[in-house]
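Now for the letters of each chain:
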Amino acid sequence: MEYEWKPDEQGLQQILQLLKESQSPDTTTQRAVQHKLEQLNQYPDFNNYLIFVLTKLKSEDEPTRSLSGLILKNNVKAHFHSFPNGVTEFIKSECLNNIGDSSPLIRATVGILVTTIASKGELQNWPELLPKLCSLLDSEDYNTCEGAFGALQKICEDSAEILDSDVLDRPLNIMIPKFLQFFKHSSPKIRSHAVACVNQFIISRTQALMLHIDSFIENLFALAGDEEPEVRKNVCRALVMLLEVQMDRLLPHMISIVEYMLQRTQDQDENVALEACEFWLTLAEQPICKDVLCRHLTKLIPVLVNGMKYSEIDIILLKGDIEEDEAIPDSEQDIRPRFHRSRTVAQQHEEDGIEDDDGDDVDDDDTISDWNLRKCSAAALDVLANVFRDEFLPHILPLLKELLFHPKWVVKESGILVLGAIAEGCMQGMIPYLPELIPHLIQCLSNKKALVRSITCWTLSRYAHWVVSQPPDIYLKPLMTELLKRILDSNKRVQEAACSAFATLEEEACTELVPYLAYILDTLVFAFSKYQHKNLLILYDAIGTLADSVGHHLNKPEYIQMLMPPLIQKWNMLKDEDKDLFPLLECLSSVATALQSGFLPYCEPVYQRCVNLVQKTLAQAMVHNAQPDQYEAPDKDFMIVALDLLSGLAEGLGGNIEQLVARSNILTLMYQCMQDKMPEVRQSSFALLGDLTKACFQHVKPCIADFMPILGTNLNPEFISVCNNATWAIGEISIQMGIEMHPYIPMVLHQLVEIINRPNTPKTLLENTAITIGRLGYVCPQEVAPMLQQFIRPWCTSLRNIRDNEEKDSAFRGICTMISVNPSGVVQDFIFFCDAVASWISPKDDLRDMFCKILHGFKNQVGDENWRRFSDQFPLPLKERLAAYYGV
């Protein structure tokens, strides 16, 4: 029987009144409406009224009817499973009867409602939905066909996985061939829906689509020249995804696809051009990229370069005509959330010149919608330059000449962006041109257009590595001088670009900057008084990076006098709830580590506040866990950043932190943090544990019995950074505990040996694991040596590349002691041990003697003849080093 329901006139008027009020801009009205809506949800048939207004009340205006449907959609999301049966049935039948409403807005709203019901697990409980929608596709009435397709597209987007599972008896076997038929429909809107529906199933390599893949590709080609931009966009998107998952199917057509994509990258419609431009980014990741593109570079490079110019609309949005805005405060929504990178403890390597940090990708026009044709073209040029390296240059140099010296600023600006984009891939080939280009760029830093100055900052930062490799007076000094002026530019975008570029320069130049410190600090401190909110956050980063780069050279009274007062002033102004504390705390952590004893006068209030932040956050988390509806969850980043600054203090102040620790309850708080369910909290608390162990073990020692079992359970490589810091802390603790470490070895040793033998373990974790195993063996050789054979090989290979330092020293002493306890454990892998020993540049004398003893002992054990045969397998440099250093 049909469910009959009629609205009560008075109730209907009340709801219409509400819908009208909810369109008011006034926030107080809005709040009252929200409150009323929540009350109305108590009535079982409230949702019937909402669907009635959407589908039946044609006398009302469309925005009001659509709004009614959207409120119903939110109710479905929140309470669908508690709707009475009759209501559910009424809503479903009304949706299906009105999917073809004559108004596009109402059709779209019904479609959204349908997919929301479907995704609440209702595809199973609404068996007639998909067959009904598919049969409506064949309707003669355009509205019905378009409405049904719109709904299907939304369902394919929201429920792709369940559509391709056995739960529903595989409806896609019928749906996909059906969609393919509509690629040739006369209406562009419907062609576009059809392609969009099928596109949902490419990346997951859905079986039903794979069966028809050739016909799909053929149909796509037929749509290549479609007059409707939305269709061209969906065709481009399909080809980009197919390139990722079904490249072999595209290969026979590759030449024509590349030519098509070249055209589309220049499409009049920017959305189409952007989809097409993604093709080059995806292609660059494929091994065949070089073969496919080498003969198209002549055409492709100019197209990408052309896409890198700001469009008219970009310049308007970027307020490119406003040169001076430094006095205008920032609007709060312009300030992006920052993510704090928690501390990870890592080893220094022999060949550490450049740490590859993917943080500095193509420049950042944050006020335009984030991803646009300019950024995509620049990113594509960047990755392709990395694929083709110097073969790229003959195509790009003639263009660069023309662009960099062009009279129009927009063109010149794009040339500077091009130069920055190819920096990584073409660095070698660019070197001969840099002596001429760098001075030209330094000149561009004082161009009268702010957008030219800001992009020049970025491009120069991409060549910072080369600049620093040259005699400082030629490029470094003039570059630094000009960048420091740009840090004080009157345009906020330039200030930001200059600050970021300067941070990159600091990382590259390190101690080269020491002679100029007074001058640099002068500028950075002056910027404090000048900057608006957003750039202050970047300034903190530039100061922190400076401290990391010059280290203890910063510890001079005159520098401290310049730097600390403004930092402390900001520190005192900020409230405990203010997220601006994050970058300031990070900055202070670097400064404290660099200044060491120079930070002593400031450490007490800083230490106290960090402890308070941790305590507050833990307390808030406790009340929230007890009564989640009464109390909000705390933002744990406050606690993480505070723990990291405490680590910085412990590292910088060393034993001087002892009194502060003695007078606080930090160890009790750490005991809680180490058991927090958020991995980043545990990660930072283990870093602090290691640092306090080094700085003032007398306060840590009483807690070891409580801490060790927790450290043991965190040796889980699923959380790489947590595991890494726990491992490092165990090593530091064992050095302090000595023989008393004995009872704790069973809690950790098996996990460590398992980690060192795992395939694909990241380098940092392997190195720290090896060092900690070595240190445990150093203090408790009897307990660890029996397992020697299970870890000696990966142990040797992971430590051969790290610099000589204290940690490496104690680890190798441990391995030597274990070999003397269990010599047979090393016999099979002795060549690895020889190689690891040879990696030492200058071991301390007594350690060298230990190496000598083991090498000669082994040689005497096997006899000269066998030793010769054995050492003939050595690579020549290894053979020579062992002979020279150890006489074997």
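The structure presented is a predicted model; accordingly, all values stated were derived computationally and were not measured.

## Describing the overall build of the protein chain
Along the protein chain, the regular secondary structure elements total 50 helices and 0 strands. Seen along its three principal axes, the alpha-carbon backbone of the protein chain occupies a region of about 95 × 65 × 65 Å. Here the protein chain holds 888 residues, and 56% of them are scored as buried. In the protein chain, of all internal contacts separated by at least 6 residues, the share reaching a separation of at least 24 is 75%. Here the protein chain has roughly 39,300 Å² of accessible surface; of this, 52% comes from carbon and sulfur atoms. When the 79 positive and 121 negative side-chain charges of the protein chain are each reduced to one mean point, those points stand 2 Å apart.

## As for the environment of Gly11
Structurally, Gly11 can be placed in helix H1 (residues 9-21). Take Gly11: its relative accessible area is 14%, and that puts it in the buried class. When the C-alpha atoms of Gly11 and Phe46 are compared, they prove to be 9.0 Å apart, with 35 residues separating the residues in sequence.

## A few points about unusual backbone geometry
Look at Gln596: it is not a glycine, yet its phi comes out positive at around 50°. If you check the backbone angles, Asn760 has positive phi at about 60° while not being a glycine.

## Examining the confidence of the model for the protein chain
Fine structural detail should not be taken from predicted coordinates in areas where pLDDT scores are low. Within the protein chain, residue pLDDT values average 88, and 95% of them lie at 70 or more. Contacts from residues 351-369, a stretch scored under 50 in pLDDT, to residues over four places away or in other chains number 37 contacts.

## Considering the environment of Ser590
Examined against the element boundaries, Ser590 turns out to sit in helix H33 (residues 581-595). Setting aside residues no more than four positions away along its own chain, Ser590 makes contact with Gly544, Ala547 and Asp548. A polar contact of 3.0 Å, which involves the side chain of Ser590, links it to the side chain of Asp548.

## Things to note about the packing of helix H19 (residues 297-307) against helix H22 (residues 393-404)
For the pair H19 and H22, the least separation of the axes is 9 Å and the interaxial angle reads 35°. H22 is crossed by H19, and the crossing has right-handed handedness. Residues Leu297, Thr298, Ile301, Pro302 and Val305 of H19 touch H22, and the partners they reach there are His395, Ile396, Leu399 and Leu403. The class makeup of the residues in the contact of H19 with H22 is 7 nonpolar, 2 polar and no charged.

## Concerning the nonpolar core
The nonpolar side chains of a soluble globular protein tend to be buried with one another. Counting residues in each nonpolar core, the largest one holds 314 residues, and the members touching the most others are Trp280 and Phe599. With sequence-adjacent residues up to four places away left out, Trp280 is seen in contact with Val258, Met261, Leu262, Thr265, Leu293, Leu300, Leu304, Ala380 and Leu384. Tyr310, Ile315, Leu318 and Val410 belong to the second-largest nonpolar core, a separate cluster that totals 5 residues.

## Description of the packing of aromatic side chains
The final tally for this structure, using the stated rule, is 24 aromatic pairs. When the ring of Phe279 is compared with that of Trp280, the centres are 5.1 Å apart and the planes differ by 85°; the resulting orientation is edge-to-face. Owing to a relative accessible area of 0%, Trp280 belongs among the buried residues under this scheme. Measuring from ring centre to ring centre gives 3.7 Å for Phe830 and Phe858, while their planes differ by 15°; the resulting arrangement is stacked. Linking Phe830 in helix H47 (residues 830-838) with Phe858 in helix H48 (residues 845-862), this pair joins segments that are 28 residues apart in sequence. For Phe858, a relative accessible area of 14% corresponds to the buried category. An aromatic cluster of at least three residues, connected via ring pairs, comprises Trp795, Phe812, Trp840, Phe851, Tyr885 and Tyr886. Above the ring of Tyr310, the side-chain terminus of Arg374 is found at 3.7 Å from the ring centroid. One cation-aromatic arrangement involves Lys808 over Trp840; the distance from NZ or CZ to the ring centre is 5.0 Å.

## Overview of the pattern of salt bridges
By the definition in use, this model includes 35 salt bridges. The salt bridge involving Arg374 is made with Glu413; its shortest N-O contact spans 2.9 Å. Pair noted here: Arg374 is in helix H21 (residues 373-388) and Glu413 is in helix H23 (residues 409-421), with a separation of 39 residues, a long-range link. For Glu413, a relative accessible area of 0% corresponds to the buried category.

## Topic: H22
Within H22 the residues assigned to the buried category are Leu393, Ile396, Leu397, Leu400, Leu403 and Leu404. Summarising the axial view, the buried residues of H22 lie within an arc of 135°, below the 170-degree limit, and thus occupy one face. Every exposed residue of H22 that faces more than 90 degrees away from the buried side is listed here: Pro394, Lys401 and Glu402.

## Observations regarding the environment of Val606
Examined against the element boundaries, Val606 turns out to sit in helix H34 (residues 600-626). When the C-alpha atoms of Val606 and Ser685 are compared, they prove to be 18 Å apart, with 79 residues separating the residues in sequence. Beyond its immediate chain neighbours, meaning those up to four positions away, Val606 contacts Ile568, Trp571, Phe599, Leu645 and Leu649.

## Let's talk about the packing of H21 against H23
The contact between H21 and H23 brings their axes to 8 Å, and the two run at 40°. Relative to H23, the element H21 lies oblique. Considering how the two elements wind past one another, H21 and H23 form a crossing that is right-handed. For the pair H21 and H23, the contacting residues are Arg374, Ala378, Leu381 and Asp382 in the first and Glu413, Leu417, Val418 and Ala421 in the second.

## Section: the side chain of Asp267
Tracing the backbone through its elements, the reader meets Asp267 in the loop between helix H16 (254-264) and helix H17 (270-284). Within the structure, Asp267 has its side chain in polar contact with the side chain of Arg232 (distance 2.8 Å). At 2.8 Å, the side chain of Asp267 and the backbone nitrogen of Asp269 are in polar contact. When near neighbours in sequence (up to four residues on either side) are disregarded, Asp267 contacts Arg232, Val272 and Ala273.

The rules behind each value
- Residues numbered from 1 in each chain as written.
- Predicted model: local features only at pLDDT ≥ 70, side-chain atom pairs only at ≥ 80, totals over all residues.
- Heavy atoms only, no water.
- Helix = DSSP H or I, 4+ residues; strand = E, 2+ residues; numbered from the N terminus.
- Buried < 20%, exposed > 50% of the residue type's maximum accessible area, 1.4 Å probe, protein only.
- Contact = heavy atoms within 4.5 Å.
- Areas by Shrake-Rupley, 256 points an atom, 1.4 Å probe, with all protein chains shown as cover.
- Lys, Arg positive; Asp, Glu negative; His and termini not counted.
- Charge placed at Lys NZ, Arg CZ, Asp CG, Glu CD.
- pLDDT = per-residue confidence, 0-100.
- Polar contact = N/O pair within 3.5 Å; in protein donor to acceptor, adjacent residues only side chain to side chain.
- Axes fitted to C-alpha atoms, helices over the stretch in contact; angles between N-to-C directions.
- Left-handed = near helix turned anticlockwise from the far one by under 90°.
- Nonpolar A, V, L, I, M, F, W, Y, C, P; charged D, E, K, R; others polar.
- Core = buried A, V, L, I, M, F, W, Y, C linked by side-chain atoms within 4.5 Å.
- Phe/Tyr/Trp six-rings, centres within 6.5 Å; stacked < 30°, edge-to-face > 60°.
- Lys NZ or Arg CZ within 6 Å of the ring centre and 35° of its normal.
- Salt bridge = Lys/Arg side-chain N within 4 Å of Asp/Glu carboxyl O.
- Arc of directions from axis to C-beta.
- Parallel < 35°, antiparallel > 145°, perpendicular 65-115°, else oblique.

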